[in-house]
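Overview (structure and organization)
If you want the building blocks of each chain, they are given just below.
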Amino acid sequence: MKNLLLAVYAAIFLMTQNLMGQNILDFQNQGSYNLIAQSGGPTLGLSPESGVKIISKDNLLFKDLNKNGELDTYEDWRLPVNQRAADLATKLSIEQIAGLMLYSSHQSIPARSGGYFAGTYNGKPYEEGVTDPTLLTDQQKKFIKDDNLRHVLLTTVQSPEVAAKWNNNMQAYCESLGLGIPANNSSDPRHGTIANMEYNAAAGGKISMWPSSLGMAATFNPELLRKFGTIASKEYRALGIATALSPQIDMATEPRWARFDGTFGESSKLAAAMAEAYCDGFQNSENGWGMNSVNAMVKHWPGGGSGEAGRDAHYGAGKFAVYPGGNFEEHKIPFTEGAFMLKGETKKAAAVMPYYTISWNMTSENIGNGYNAEIVANMLRKEQNYDGVLCTDWSVTHDHNVLDNFIDGKPWGVESLTEAERHYLCLKAGIDQFGGNNDMKPILEAYQMGIEEMGEAKMRARMEESARRLLKNIIQVGLFENPYVNPEETKEEVGNPTYMQEGFEAQLKSVVMLKNSGNVLPLKNKPMVYMPKRLIPASVNFLGMRTPEREEYTIAPTLLSKYFDFTENPDEADFAIVAINNPSTGIGYDKSDLEKGGNGYFPISLQYDEYKAKYARKKSIAGGDPLEDFTNRSYRNKTVKASNYMDADLVKNTKEKMGDKPVILSVKTGNPLIFSEIEKYADAILVDFGVQYQAILEILAGNAEPSAMLPMQMPADMKTVELQFEDVPFDMNCYKDSEGNTYDFGFGLNWSGKITDGRAGLYR
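The structure reproduced in this document is the subject of the present report. (Residues numbered from 1 in each chain as written. Predicted model: local features only at pLDDT ≥ 70, side-chain atom pairs only at ≥ 80, totals over all residues. Heavy atoms only, no water.)

Scanning the model with the defined rule gives seven cavities of 30 Å³ or more in all. Computed from the structure, the largest cavity encloses a volume of approximately 100 Å³. Residues that form the lining of the largest cavity fall into these classes: three nonpolar, two polar and eight charged. Size it by volume and the second largest cavity reaches roughly 70 Å³. As for the second largest cavity, its lining consists of Y103, H151, N184, T243, N295, M297, A351, V389, Q433, L470 and N473. When residues of the lining of the second largest cavity are traced back to their parent elements, those giving at least two are β13 (295–301) and α13 (456–475). Residue composition of the lining of the second largest cavity, grouped by class: five nonpolar, six polar and no charged. (1 Å grid on protein atoms, 1.4 Å probe; cavity = no way out; pocket = protein on both sides within 12 Å on 5 of 7 lines; lining within 4 Å. Points joined across faces, edges and corners; volume = space filled by probe spheres on them. Nonpolar A, V, L, I, M, F, W, Y, C, P; charged D, E, K, R; others polar. Helix = DSSP H or I, 4+ residues; strand = E, 2+ residues; numbered from the N terminus.)

Structure (structure tokens):
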């Protein structure tokens with residue numbers, strides 16, 4: 001009966017669309033949308049509620065998105081993408097162009113009932129079991145319809161199926177409005193691991209889990225990253241995501257930087273090779289752009305990895321990138337020799353995001369990179385001949401109110417301007433899009449400023465230029481033809497067993513073995529293992545959400561017992577495993593210091609124990625903020641201690657309990673760290689950059705051999721950290737362990753000893 005009803009529905013639809021007898025291979029009613037497959041052209045997807053009809057021309061089918069009964073240039077999928085985009089740009093009102101320039105704030109599916117990602121449904125907060133999570137929120141309907149926004153940033157999703165259905169509701173809503181421009185949904189990286197989740201390929205998952213970017217760099221294998229991009233792009237498209245706000249390809253030359261873990265390490269050559277592979281894997285579908293392609297937005301031009309003293313530009317306290325080594329140009333290499341030189345037919349990364357930072361004294365004005373015409377218009381647009389989308393980082397144009405809040409506005413160097421003036425300055429610099437802005441009003445005000453300065457014709461042309469670039473990225477991934485996804489196929493595609501297995505194997509290849517005294521590893525014959533509980537301090541994340549102090553096993557005993565016999569008594573054990581994280585000392589700023597007459601600035605330390613900054617600069621290189629009455633941000637002779645200092649104590653105490661029996665240390669890190677505090681208490685050391693603990697156990701048990709190497713230097717002490725230049729790679733004295741090995745870039749061990757296969761030499 002169901003098949004009969006579908007057949008009747010199909011016949012009625014084809015009759016009402018005047019498509020009987022046309023060159024149609026298949027017609028499917030998917031409930032919220034219809035699919036029409038044709039010979040010699042793309043499959044078309046459209047909502048039966050949108051009012052969009054099908055046009056037949058030359059025995060081929062096209063969507064009449066603007067409902068005028070004619071085949072417009074932008075609707076003709078046979079034409080070059082740039083031609084289609086340019087045609088549609090001329091048809092848009094200034095309000096519609098302004099909407100394209102918006103990039104939404106973070107959208108959680110479903111919306112949270114309160115806090116940063118909050119939203120409402122018909123005026124009410126989301127209620128589990130009552131509210132349909134696939135519906136659009138009131139806020140989403142508003143910014144789509146009233147502000148003409150079409151670029152949506154997704155964060156958490158309840159499930160792949162919910163994400164797919166939400167996408168279809170979003171696309172049907174967009175299709176029903178105006179010129180039928182679909183939504184270009186995007187995501188920050190979402191393939192990270194959940195450390196304690198047990199790996200079971202056959203079970204699948206919500207999405208495949210891979211090492212972090214730093215972990216992928218530790219493999220020194222760009223082809224592995226290309227494979228990741230190919231798989232991840234399929235999962236993204238199944239979720240309705242067509243743009244990746246990644247990869248992050250900053251050179252990580254400053255070891256204290258909080259975003260070090262999102263990079264490909266401190267080598268410009270390695271970062272360039274990885275950037276090329278990542279973008280090519282995401283974008284290249286069927287030998288060019290296609291329905292599995294995902295636009296890659298590389299970040300952060302011209303490189304954000306040289307923040308003074310390691311402070312990050314998400315905060316007013318960390319707004320300055322400095323170049324004491326005069327090494328500004330090398331930071332561009334991951335872009336110029338990587339993301340802009342792809343092996344596949346897409347040629348270049350589709351979009352670029354400048355960082356928040358002020359590149360101190362690198363141009364005639366010390367203003368944020370997104371506002372700086374010398375950095376954007378000259379260095380990127382002109383010198384690199386880059387015609388892709390340029391999007392600001394999030395909240396660049398919002399007001400600045402505090403120095404230590406992650407979600408504060410970040411208009412560095414132009415704090416005194418109005419929001420509209422900031423938008424106009426960005427437009428003049430060559431920016432196309434504004435991250436984290438749902439409101440088109442300041443863009444419209446900026447447009448009026450442009451009319452007053454250069455006349456309406458020139459300002460209209462400037463707006464159309466950005467519209468063309470933005471539309472090009474939507475067209476080239478096939479969204480105008482079919483923006484819909486099949487929820488049942490999404491459930492099968494996202495996190496399927498094959499992808500999960502590929503991700504887990506990559507995790508195994510990303511773990512670095514730094515020490516193996518007496519060849520204690522691998523462990524055979526399922527020996528008895530002791531593992532102490534770890535005290536995790538109370539914390540507050542970047543959104544202000546608090547987590548209480550707790551004590552727990554880092555690796556679940558149930559998982560541990562699948563590889564070894566587990567005991568809570570160290571006297572019974574043959575060996576011990578201690579699993580800890582790298583030291584954490586905050587953002588380098590504490591406003592409570594102001595009450596004591598200080599300037600608020602503190603060191604960011606890479607050691608667990610208390611650290612006094614005796615070697616810090618007496619006077620900072622950069623400084624100045626409207627909220628400060630000084631310019632010297634030095635923290636010399638100030639003291640800081642890691643919030644998780646207990647991790648180092650845990651290693652020492654475990655060694656005391658075990659005596660002569662081996663202690664295996666597993667360190668999960670996103671930054672270089674000072675090993676002198678802990679190395680001597682460990683017989684073997686494994687370092688990972690974001691893997692499931694099961695990958696560590698596989699290596700300990702000898703089921704996999706370590707093959708990764710350090711993608712960065714491990715400093716000997718904090719003195720060498722303070723004296724190194726923030727912008728220069730490979731300029732630290734590296735730690736030498738009790739076995740005589742130096743923890744330098746490219747160092748790693750396998751079962752035979754030091755790895756000498758030549759990979760590291762390619763990128764030093």
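Next comes the rest of the account.
On to the pairing of β13, then. Most of β13 sits inside the fold, with seven of its seven residues counted as buried. Strand direction decides the pairing type here: strand β12 (residues 243–244) and β13, joined by two bridges, are parallel. Bridging from a neighbouring strand, A244 pairs with A296 of β13. (Buried < 20%, exposed > 50% of the residue type's maximum accessible area, 1.4 Å probe, protein only. Pairing = 2+ DSSP bridges.)

Moving on, we come to the packing of helix α2 (residues 81–91) against α13. Two elements in contact, α2 and α13, have axes whose closest approach is 8 Å; the angle formed by their N-to-C orientations is 135°. Judged by the angle between their axes, α2 and α13 are oblique. Note that α2 runs across α13; the crossing there is right-handed. Residues V81, N82, R84, A85, A86, L88, A89 and T90 of α2 form the contact with α13, whose own contacting residues are R460, E464, A467, R468, L471, K472 and I475. Grouping the constituent residues of the contact of α2 with α13 by class yields eight nonpolar, two polar and five charged. (Axes fitted to C-alpha atoms, helices over the stretch in contact; angles between N-to-C directions. Parallel < 35°, antiparallel > 145°, perpendicular 65-115°, else oblique. Left-handed = near helix turned anticlockwise from the far one by under 90°. Contact = heavy atoms within 4.5 Å.)

Moving on: the pairing of strand β4 (residues 53–57). Alignment of β4 against strand β5 (residues 60–64), held across five bridges, turns out to be antiparallel. Pairing of I54 across the sheet is with K63, part of β5.

One number sums up the size of the second largest pocket: a volume of about 570 Å³. M291, N482, Y484, V485 and E489 are the residues nearest the centre of the second largest pocket, which is lined by 26 residues in total. Contributions of two or more residues to the lining of the second largest pocket are made by β1 (24–29), β2 (34–38), α7 (222–238) and α14 (487–493). Residue classes in the lining of the second largest pocket are distributed as 11 nonpolar, nine polar and six charged.

Moving on: the sheet that holds strand β3 (residues 44–46). Either a parallel or an antiparallel arrangement is found when strands of a sheet pair, and the pairing is made through backbone hydrogen bonds. Read from one edge of the open sheet, three strands run β1-β2-β3, paired in antiparallel fashion. Unpaired on one side and paired on the other, β1 and β3 mark the two borders of the sheet. Each strand of the sheet is rotated relative to its neighbour by a mean of 15°, with strand direction disregarded. Alignment of β1 against β2, held across five bridges, turns out to be antiparallel.

Taken in spatial order, the seven strands of this open sheet run β7-β10-β11-β12-β13-β15-β17, and their pairing is parallel. The open sheet has two free edges, formed respectively by β7 (106–109) and β17 (389–390), since each of these has just one partner strand. Pairing of strand β15 (residues 351–354) with β17, which is carried by two bridges, proceeds in the parallel orientation. Note that in β17 the partner of V352 across the bridge is L390.

For R468, the position within the fold is in helix α13. Assessed through its relative accessible area of 15%, R468 is described here as buried. A polar side-chain atom of R468 sits 3.0 Å from a polar atom in the side chain of D387. Those residues in contact with R468 that sit more than four places away from it in its chain are N82, A85, A86, A89 and D387. (Polar contact = N/O pair within 3.5 Å; in protein donor to acceptor, adjacent residues only side chain to side chain.)

Time to look at the side chain of T585. Relative to the helices and strands, T585 resides in the loop between β26 (575–581) and β27 (611–612). Residue classification places T585 among the buried positions, given a relative accessible area of 16%. At 2.9 Å, the side chain of T585 and the backbone nitrogen of S605 are in polar contact. The residues touching T585, leaving out its near neighbours within four places in the chain, are P603, I604, S605, V640, K641 and A642.

With that out of the way, let us pick up the packing of helix α15 (residues 497–509) against helix α18 (residues 693–700). A pair of packed helices can be characterised by two numbers: the angle between their axes and the separation between those axes. Interhelical geometry of α15 versus α18 gives an angle of 60° and a closest axis separation of 9 Å. It follows from the interaxial angle that α15 and α18 lie oblique. Considering how the two elements wind past one another, α15 and α18 form a crossing that is right-handed. The residues of α18 that touch α15, namely those facing F504, Q507 and L508, are Q694, A695, E698 and I699.

Turning our eyes to something else, we now look at the pattern of salt bridges. Under the defined criterion, the tally for this structure stands at 42 salt bridges. Within the structure, one salt-bridge network assembled from shared partners comprises R381, D387, D432, R462, E465, R468 and R469. (Salt bridge = Lys/Arg side-chain N within 4 Å of Asp/Glu carboxyl O.)

Among the secondary structure elements, A446 is positioned in helix α12 (residues 441–454). With sequence-adjacent residues up to four places away left out, A446 is seen in contact with A420, H423, Y424, L427 and M459.

In the structure shown here, the tally under the stated rule is 30 aromatic pairs. Both rings, one in Y553 and one in F566, keep their centres 5.6 Å apart while their planes meet at 90°; by these two values the pair is edge-to-face. Taken together, the positions of Y553 in the loop between β24 (550–552) and α16 (557–560) and F566 in strand β25 (residues 565–567) put the pair 13 residues apart, joining distant regions of the chain. Pairing Y743 with F747 gives two aromatic rings, centres 5.7 Å apart and planes at 15°, and the pair type is stacked. Three or more aromatic residues joined by ring pairs form one cluster here, namely W210, F228, Y236, Y278 and F282. Cation over ring: K641 sits above Y645, and NZ or CZ is 4.2 Å from the ring centre. For the cation-ring pair, K668 lies above Y693, with the distance from its terminal atom to the ring centre recorded as 4.5 Å. (Phe/Tyr/Trp six-rings, centres within 6.5 Å; stacked < 30°, edge-to-face > 60°. Lys NZ or Arg CZ within 6 Å of the ring centre and 35° of its normal.)

Taking 1.5 Å per residue, 17 residues should reach 24 Å; α7 reaches 25 Å between its end C-alpha atoms and fits that length. Within α7, 13 of the 17 residues are buried, which leaves the element mostly enclosed by the surrounding structure. Here α7 starts with a cap whose side-chain oxygen sits 3.1 Å from the backbone nitrogen of E223, and that cap is N221. Two residues or fewer past α7, G240 is found with a positive phi of approximately 90°. (Expected span 1.5 Å × (residues − 1).)

Quick look at the state of the cysteines now. Inspection of every chain in the model, using the stated rule, returns zero disulfides. With no disulfide of its own, C174 lies 17 Å from the sulfur of C391, the closest cysteine sulfur. (Disulfide = S-S within 2.5 Å.)

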